[in-house]
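Structural characterization, general
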Amino acid sequence: MSSSNSCTLCELPVEESGVTADGNAFCCQGCRDVYDALGDIDTVDADDVRETRAERDEDRTVPPDHETTFLEVDGMYCATCEAFIETVASETDGVSNVSSSYVTDTVRVDHDPDVAPVETLKDDISQLGYSAYDRKDAISRRRADNWEMGRIAVGVLMGMMVMLQYVVIIYPTYFDGAFYDERTAEFFSEALASDIATPFFLGIGALTTIILVITGKPILQGAYVAVKTRSPNMDLLVSIAAVSAWLYSTISIAIADEVHLYYDVTVAIIVIVTVGSYYESEIKRKATERLSDLTAVQVDEARRVREDGDTEEVTVDGLTAGDRVLVRGGERIPIDGTVVDGEAAVDEAVVTGESLPVTKTDGDDVVGGSTVSDGALTIRVGEDATSTLDRISELVWDLQSGTHGIQKLADKLATIFVPLVLVLAVVVTTIYLLLGSGIGDALLVGLTVLIVSCPCALGLATPLAVAAGIRDALERSIVVFDDSVFERIRDADTVVFDKTGTLTTGDMTVVDADVDDDLLEKAATLEGRSAHPVGEAIAAERPVADGGAVESETAATADAESDTTADERIESFESHRNGVTGVVDGEEIVVGHPDLLRDRGWTVSEEILETVHEHRETGRVPVAVGRDGSADGVVVVGDDLREGWDETLSAIAETDTDVVVLTGDDARAASRFREHAAIDQVFAGVPPEGKAETVERLGQQGQTVMIGDGTNDAPALAAADLGIALGGGTAMAADAADVALVDDDLSSVDTVFELARATDRRVKGNIGWAFCYNGIAIPLAVTSLLNPLFAAIAMGLSSLLVVTNSSRSLLDD
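In what follows, the accompanying structure is described. (Residues numbered from 1 in each chain as written. Predicted model: local features only at pLDDT ≥ 70, side-chain atom pairs only at ≥ 80, totals over all residues. Heavy atoms only, no water.)

Let us look at the overall build of the chain. Scanning the chain from N- to C-terminus turns up 29 helices and 27 strands. In the chain, which comprises 813 residues, the proportion classed as buried is 53%. Contacts in the chain between residues far apart in sequence, at least 24 positions, make up 68% of those at least 6 positions apart. Accessible area for the chain stands at about 34,900 Å²; split by element, carbon and sulfur atoms hold 51% of it. (Helix = DSSP H or I, 4+ residues; strand = E, 2+ residues; numbered from the N terminus. Buried < 20%, exposed > 50% of the residue type's maximum accessible area, 1.4 Å probe, protein only. Contact = heavy atoms within 4.5 Å. Areas by Shrake-Rupley, 256 points an atom, 1.4 Å probe, with all protein chains shown as cover.)

In structure tokens:
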């Protein structure tokens, strides 16, 4: 439950002037609207939502002297990894709580910084193939193992050396002269059965050992983690087969009268599974490279004003309450505070999603992460010396670390299959002993059962199917960050859309102009001197050079000529808080709020005032334009609706899926969506924390999908069952999301679900083909009829089926 001085919905602090109703307090009207709409639904009240959070962070009590640190950990890829990381971190002195998620590579640790500093935590977690580093330095950072290619090279080169001996010497002995003449075949058979073959066998064994230890290191580490956490997974199953084949072959050299070497099985399993996993990771890497132009909004340094008036560069962490910080036009505000000097338009979309900048002057509060569009501000650092952006980041990380990944289908099968084959191997060994076989012979038969327990195809089934899903998604300009969406997402009950930058383009443009062309051209020329986003939108209406369209290769030259011409035409220019004034071609021009014109004694008709009021009610910016003493018309600036938005929402609604619009903009900006037939609910003026809470409440009614583009959407993207970010959005939004639409095409939302369903079918199909091998090979192993040649052929065929099946286009299924 929230405290008396915090918002009932999102738990942000509530000022004395905050919104109250029925004993509840809200930080803003948007949070109250969400609570009124969702708070009285039996299954979705505040207590139920917070109870869900409590289940996710069961018994989490943070001691007063502990702090929370978020780490990003490379190498986590399944639920078993989560359990291991939590176990290791919990055993560190000074740690009170740990939660991790392999889906987002995020670990949250509550710890005493004096007893367990961050570096100690990173060192303790960074073992057995895992690498931990500070999450603050890791937004959208997905690193590859530098040794991976080296391990694969070792496996492939030495594997070729091993397999060459099998193909040329060992396999032909099972064909009774089919490949060589009788004399040559007899020579090989006799040589392999004699003591002189021992060095030959040991050489193959040595090469196989190198492959097992070096190339198979990540697989063996994963198996160890599975054993330690008592959670069988695919790594354990693969390791059992590979190590059993190696043990059988090594023991066979020492004690068996007739030596059968399964080193080829060890080599094939380790190399093929490793290459398959590498192929999957490469497909993921190529996909994420499509989003290389994401906008990062983190601010690491600030320009602090010293007592003597000079400035110095300091880290944001080095700022304290009361420090003064200078922020110039085009820069991001590094920390929350209050303006003490200057006047500027500030773009707060990073927090509110609001597409229109807000003018800030002395005494106004500003939030860290927002951008000064024009002018410059001196800001006094707030009492907490924190940034709203940092608060949003920590909320995202908290949601990510608390949402455990699902156990993948292959790992679920491994939890059943591993104990089954182990029991079967023990039973078979026992039966052979009871039937009079020697210990060595009985042990070898038991090992053959383990050898065939995991074919290469089973290790390839999931990676290749997932790679096919990511590949087909990329062909459709969809980037998949979290491949578990292919197994956990089928359909949606509610699809939530952000407004600014998602349903709209987020770019300020002139959407209507009720002035003559000559006045519009002069107003645009004058606004060419302004750095305000509204002014820039009007300035874009200025004809280029001689008024005609220009080819792209000459655009830069034309723009330069146009700027030069404009400078010659503008005789004077002055920027004001609510507009600009100046003289263009001998005429006095005023562009701005009607008050600016009236303050100068100019005439503003009631008709123009009514037009301004009507457009302002829609959330757009109406600008009065006048010359020589009177207002002549209105230019309206706003962001356009994204192409195809109407069709996308209507198509989703036709599937009986609820459609919700959730925005940080005020109610006026969202008004145009309230009457749309496909939209069930519209929530406006909701802060980032409130957005996450709204999505969680909606999630109590079924699976939710959140679609957004900005940093303020990141908490909601992380809270949703499926977060979809637009490729033109911010890095934090993409980092919080599961999927990104590179081309910002909203119609691709349905394609995401189609791909998820198709990939899931492909995974199950591949696993089915892989188990065909087990169905044949295990009975042969139990009856002692298995030999290395059959094992190699059957394993090769099952792997070929899986590879062929995975190469087909998913959406052709």
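Turning our attention to the packing of aromatic side chains. Applying the stated criterion across every chain yields a total of eight aromatic pairs. Geometrically, the ring pair formed by Tyr166 and Tyr171 is tilted, given 5.3 Å between the ring centres and 50° between the ring planes. We classify Tyr166 as buried; its relative accessible area is 0%. Plain terms: the ring middles of Trp645 and Phe673 are 5.5 Å apart, the flat faces sit at 85° to each other, and that makes the pair edge-to-face. Of the two residues, Trp645 sits in helix α23 (residues 645-653) while Phe673 sits in the loop between α24 (667-670) and β24 (681-683), which places them 28 residues apart along the sequence. On the basis of relative accessible area, Phe673 is assigned to the buried category, the value being 0%. (Phe/Tyr/Trp six-rings, centres within 6.5 Å; stacked < 30°, edge-to-face > 60°.)

Before going further, it helps to spend a moment on the sheet that holds strand β15 (residues 478-480). Strand pairing in a sheet takes place through backbone hydrogen bonds and is either antiparallel or parallel in direction. Reading across the sheet, the seven strands line up as β15-β27-β26-β25-β16-β23-β24 and stay open at both edges, with mixed pairing between neighbours. For this open sheet the edge positions go to β15 and β24, each flanked by a neighbour on one side alone. Averaged over all neighbouring strand pairs, the angle between strand axes comes to 20°, with direction disregarded. Sheet analysis places strand β26 (residues 722-726) next to strand β27 (residues 739-741), joined by three bridges and oriented parallel. The residue bridging Ile724 from the neighbouring strand is Val739, located in β27. (Pairing = 2+ DSSP bridges. Axes fitted to C-alpha atoms, helices over the stretch in contact; angles between N-to-C directions.)

Moving on to the nonpolar core. Among soluble globular proteins, nonpolar side chains are generally buried collectively. In terms of nonpolar packing, the biggest core is built from 72 residues, with Tyr166, Tyr262, Val265, Ile269 and Val452 touching the most fellow members. For Val265, the residues in contact, after removing those within four places along its chain, are Ala245, Ile451, Ala791 and Met795. If you look at the next biggest cluster of nonpolar residues, it comprises 48 residues, including Leu474, Trp645, Ala758 and Leu810. (Core = buried A, V, L, I, M, F, W, Y, C linked by side-chain atoms within 4.5 Å.)

For the rest of this paragraph, the subject is a nonpolar patch on the surface. Together, Phe175, Phe179, Ile793, Leu797 and Leu800 make up a nonpolar patch on the protein surface, roughly 500 Å² of accessible area in all. With respect to the secondary-structure elements, Leu797 resides in helix α29 (residues 788-807). (Patch = residues over 30% accessible without salt bridge, like charges linked within 9 Å, V, L, I, M, F, W, Y side chains within 5 Å. Salt bridge = Lys/Arg side-chain N within 4 Å of Asp/Glu carboxyl O.)

Here we take up the sheet that holds strand β22 (residues 630-641). Read from one edge to the other, the open sheet built from six strands follows the order β17-β22-β21-β20-β19-β18, with strand pairing classed as antiparallel. In this open sheet, the two strands that pair with only one neighbour each are β17 (504-513) and β18 (570-576). Across the sheet, the axes of successive neighbouring strands diverge by a mean angle of 20°, strand direction being ignored. Where β18 and strand β19 (residues 579-584) come together, six bridges link them in antiparallel fashion. Within the sheet, the bridge partner assigned to Ser575 lies in β19 and is Val580. Each of β17, β18, β19, β20 (587-592), β21 (621-627) and β22 is contacted by helix α18 (residues 517-527), which is oriented at about 75° to β20, the strand it contacts most.

Together, Asp300, Glu301, Asp317, Asp390 and Glu394 make up a region of like negative charge exposed at the surface. Residue placement: Glu301 occurs in strand β7 (residues 301-305). (Lys, Arg positive; Asp, Glu negative; His and termini not counted. Charge placed at Lys NZ, Arg CZ, Asp CG, Glu CD.)

Given a rise of 1.5 Å per residue, 26 residues ought to cover 38 Å, and the 38 Å separating the end C-alpha atoms of helix α13 (residues 409-434) matches this to within 8%. Taken as a whole, α13 carries its principal kink of about 30° at Thr415; the proline Pro419 stands between one and four residues after it. Every buried residue of α13 is listed here: Ala410, Asp411, Ala414, Phe417, Val418, Val421, Ala425, Val428, Thr429 and Tyr432. Buried residues along α13 sit in contact with α9 (234-255), α14 (439-451), α15 (456-475) and α28 (748-782). Following α13 by one or two positions, Gly436 has its phi on the positive side, about 105°. (Expected span 1.5 Å × (residues − 1). Bend = angle between axes of the 7 residues up to and from the residue.)

Glancing now at unusual backbone geometry. Backbone phi values are negative for most residues with the exception of glycine, while trans is the configuration of most peptide bonds. Phi is positive for Arg230, close to 55°, though the residue is something other than glycine. With respect to the helices and strands, Arg230 occurs in the loop between α8 (217-229) and α9. For Arg230, a relative accessible area of 78% translates into the label exposed.

Further remarks concern α14. Its 13 residues place the ends of α14 18 Å apart at the C-alpha level, agreeing with the 18 Å of an ideal helix rising 1.5 Å per residue. Residues Ala442, Leu444, Val445, Gly446, Leu447, Thr448, Val449, Leu450 and Ile451 constitute the buried set of α14.

Of all eight residues making up strand β3 (residues 67-74), six are buried, and the element is well covered by its neighbours. The sheet contact formed by β3 and strand β5 (residues 106-111) spans six bridges and is antiparallel. Along β5, the bridge assignment pairs Glu67 with His111. One ladder, built from four bridges, connects β3 with strand β6 (residues 131-134); its direction is antiparallel. When the bridges of β6 are listed, Leu71 appears paired with Asp134.

Relative to the helices and strands, Glu475 resides in helix α15. Remark: the alpha-carbon pair of Glu475 and Ala287, spanning 188 residues in sequence, is separated by 9.6 Å.

It is the contact of helix α3 (residues 79-90) with α8, at a shortest axis distance of 9 Å, that shows an interaxial angle of 65°. Taken together, α3 and α8 sit at an angle that is classed as roughly perpendicular. As α3 packs across α8, the resulting crossing turns out to be left-handed. Residue-level contacts link Thr80, Cys81, Ala83 and Phe84 of α3 to Tyr224, Val225, Ala226, Lys228 and Thr229 of α8. Partitioning the contact of α3 with α8 into residue classes produces six nonpolar, two polar and one charged. (Parallel < 35°, antiparallel > 145°, perpendicular 65-115°, else oblique. Left-handed = near helix turned anticlockwise from the far one by under 90°. Nonpolar A, V, L, I, M, F, W, Y, C, P; charged D, E, K, R; others polar.)

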